[in-house]
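# Analysis of the macromolecular model
Here is how the chains run, residue by residue.
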Amino acid sequence: MQVPTGEGAGKTPEQHEEARREFIAELWRRFEALQEWAVSHWPDQQHPLSSADFVESRKEILSLRSPAGSLNQPATRDAAEPEQGGAQYVEVTPAPWP
């Protein structure tokens, strides 16, 4: 657990969550603006950019919404190791799309 220092030291968990959500919303707004700019100013007209070129970036930004953070990080960081009685194997492969 992190101990808040500096500006966030006196904030409640709800205030931290609200600040996190505001940050993510602003990040998303700025990313959308950057994406629009990149598509409209891309110099190689033979191979134009499209919104599909930004899929992975969108996934990473959207993964910030989950409390666990990135989709590439384990959901529980305090999970017991196998020698401490924790799981021997954790399935990380996503299920196929129905």
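Residues numbered from 1 in each chain as written. Predicted model: local features only at pLDDT ≥ 70, side-chain atom pairs only at ≥ 80, totals over all residues. Heavy atoms only, no water.

### Focus on the pattern of salt bridges
- Tallied over the full model, the rule gives five salt bridges.
- The closest approach of N and O atoms between R21 and E17, which form a salt bridge, is 3.2 Å. Here E17 and R21 lie together in helix α1 (residues 13-41), a separation of four residues that amounts to about one turn.
- The partner of R30 in a salt bridge is E26, with the nearest N and O atoms 2.8 Å apart. On the criterion of helical spacing, the pair formed by R30 and E26 is a turn pair, its members being four residues apart in helix α1. (Salt bridge = Lys/Arg side-chain N within 4 Å of Asp/Glu carboxyl O. Helix = DSSP H or I, 4+ residues; strand = E, 2+ residues; numbered from the N terminus.)

### So, the nonpolar core
- In this structure, F31, A38, L49, F54 and I61 together form the largest nonpolar core, which totals five residues.
- For I61, the residues in contact, after removing those within four places along its chain, are I24, L27, W28 and F31. (Core = buried A, V, L, I, M, F, W, Y, C linked by side-chain atoms within 4.5 Å. Buried < 20%, exposed > 50% of the residue type's maximum accessible area, 1.4 Å probe, protein only. Contact = heavy atoms within 4.5 Å.)

### As for the packing of α1 against helix α2 (residues 55-63)
- Relative orientation of the contacting elements α1 and α2 amounts to 170°, with a least axis distance of 10 Å. By the angle class used here, α1 and α2 are roughly antiparallel. Here I24, L27, W28, F31, E32 and Q35 of α1 come into contact with α2, specifically with S57, R58, I61 and L62.
- Looking at the contact of α1 with α2 residue by residue, the classes come out as six nonpolar, two polar and two charged. (Axes fitted to C-alpha atoms, helices over the stretch in contact; angles between N-to-C directions. Parallel < 35°, antiparallel > 145°, perpendicular 65-115°, else oblique. Nonpolar A, V, L, I, M, F, W, Y, C, P; charged D, E, K, R; others polar.)

### Looking at the packing of aromatic side chains
- All chains considered together, the criterion is met by two aromatic pairs.
- Taking the centre distance of 6.0 Å and the plane angle of 45° together, the rings of W28 and F31 count as tilted. Of this pair, W28 and F31 both sit in helix α1, three residues apart, which is roughly one turn of that helix.
- Here W28 falls in the partly exposed class, since its relative accessible area comes to 27%.
- For F31, a relative accessible area of 10% corresponds to the buried category.
- Look at F31 and F54: their rings are 6.1 Å apart centre to centre, the planes differ by 75°, and that puts the pair in the edge-to-face class. Within this pair, whereas F31 is found in helix α1, its partner F54 is found in the loop between α1 and α2, the two being separated by 23 residues in sequence.
- Taking the relative accessible area as the measure of exposure, F54 reaches 13% and is therefore buried.
- Connected via pairs of aromatic rings, a cluster forms that spans W28, F31 and F54. (Phe/Tyr/Trp six-rings, centres within 6.5 Å; stacked < 30°, edge-to-face > 60°.)

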